[in-house]
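# Coordinate inspection notes
If you want the building blocks of each chain, they are given just below.
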Amino acid sequence: MSDTPALPEGYEFSADAARVDVDRVHHWLSTGAYWAIGRPRETHERAMESSLNFGVYDSASGEQVAYARAVTDRALFAWLADVYVDPAVRGTGIGTAFVGLVRDHLHSFGLRRVLLATEDAHGVYAKAGFERLERPDHWMALRFR
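A few points on the structure. (Residues numbered from 1 in each chain as written. Predicted model: local features only at pLDDT ≥ 70, side-chain atom pairs only at ≥ 80, totals over all residues. Heavy atoms only, no water.)

### Regarding the environment of Val102
What counts is decided by this rule: Every helix listed is a DSSP run of H or I at least four residues long, and every strand listed is a run of E at least two residues long, numbered separately from the N terminus. For the exposure calls, accessible area comes from a 1.4 Å probe over protein chains only, and a residue counts as buried if that area is under 20% of its type's maximum, exposed if over 50%, partly exposed in between. The contact definition used throughout considers only heavy atoms, calling two residues in contact when any of these lie within 4.5 Å.
Within the secondary structure layout, Val102 lies in helix H3 (residues 94-107). Its relative accessible area of 2% is what places Val102 among the buried residues. Through-space distance from the C-alpha of Val102 to that of Arg113 is 13 Å; in sequence the pair is 11 residues apart. The residues touching Val102, leaving out its near neighbours within four places in the chain, are Phe13, Phe54, Ala68 and Leu80.

Put into structure tokens, the structure is as follows:
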């Protein structure tokens with residue numbers, strides 16, 4: 001999609017799961033992401049195995065600076081989850097560009113809908129075209145814990 005802002009110079013996007021620094025991502029999420037505090041490593045690895053995984057990397061060092069995953073059937077629907085940008089690079093435009101690049105990757109499957117949940121990053125996602133649910137009363141959830 002043409003309205004995706006570019007990553008800042010010196011950073012690159014990848015949808016190659018083999019590039020994900022699992023140790024780093026698990027540390028980020030299990031210690032610094034309100035929705036995943038205390039998540040066991042094994043649980044995170046299982047989630048990654050069942051998802052498309054995305055990252056942003058420093059082009060010079062190869063160090064990962066952002067992560068996201070999407071649970072999808074690759075035909076109709078995706079759930080965007082675990083979007084995280086290293087605090088050291090927040091405020092540089094990486095998050096906004098990253099969400100746009102993930103959106104574009106998912107768009108290539110011809111999906112009808114991509115959902116996500118956030119407590120505090122509505123503005124970032126709005127820049128990528130996400131909107132509040134038009135009919136939240138149509139949605140339901142089943143929670144096991």
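Further notes follow.
### A short note on the layout of surface pockets
We apply this condition: Method remark: on a 1 Å grid restricted to protein atoms, a set of points is classed as a cavity if a 1.4 Å probe fits but cannot get out and as a pocket if it is open with protein on both sides within 12 Å along at least five of seven lines; lining residues have an atom within 4 Å of a point. Grid points are joined across faces, edges and corners, and a volume is the space filled by probe spheres set on the points. When residues are sorted by character, Ala, Val, Leu, Ile, Met, Phe, Trp, Tyr, Cys and Pro go into the nonpolar class, Asp, Glu, Lys and Arg into the charged class, and all the rest, Gly among them, into the polar class.
Roughly 1,600 Å³ of volume is contained in the largest pocket. Along its surface, the largest pocket is lined by 40 residues, and Trp79, Val114, Leu115, Leu116 and Ala117 are the ones closest to its centre. It is H3 that contributes the most residues to the lining of the largest pocket, 4 residues altogether. In the lining of the largest pocket, the residues fall into 22 nonpolar, 6 polar and 12 charged. By volume, the second largest pocket is sized at about 730 Å³. Lining the second largest pocket are 29 residues, and of these Trp35, Val83, Asp120, Ala121 and Tyr125 sit closest to its centre. Of all the secondary-structure elements, those providing two or more residues to the lining of the second largest pocket are strand E4 (77-85), H3 and helix H4 (122-127). Of all the elements, E4 adds the most residues to the lining of the second largest pocket, at 7 residues. Here the residues of the lining of the second largest pocket are counted per class, giving 17 nonpolar, 7 polar and 5 charged.

### Some details on the pattern of salt bridges
Filter applied, for reference: Only one rule defines a salt bridge in this text: a Lys or Arg side-chain nitrogen within 4 Å of an Asp or Glu carboxyl oxygen.
Taken as a whole, this structure holds 9 salt bridges when the rule is applied. The closest approach of N and O atoms between Glu45 and Arg41, which form a salt bridge, is 2.5 Å. One end of the pair is Glu45 and the other is Arg41, both in helix H2 (residues 41-49) and 4 residues apart, which spans about a single turn. Ionic pairing is found between Arg135 and Asp137, a salt bridge with its closest N-O pair at 3.2 Å. Here Asp137 falls in the exposed class, since its relative accessible area comes to 56%. Within this structure, Asp23, Arg41 and Glu45 form a network of salt bridges that share partners.

### A few points about helix H1 (residues 22-32)
Among the residues making up H1, those that are buried are Val25, His26, Trp28, Leu29 and Ser30. Contacts made by the buried residues of H1 are with H2, strand E3 (64-72) and E4.

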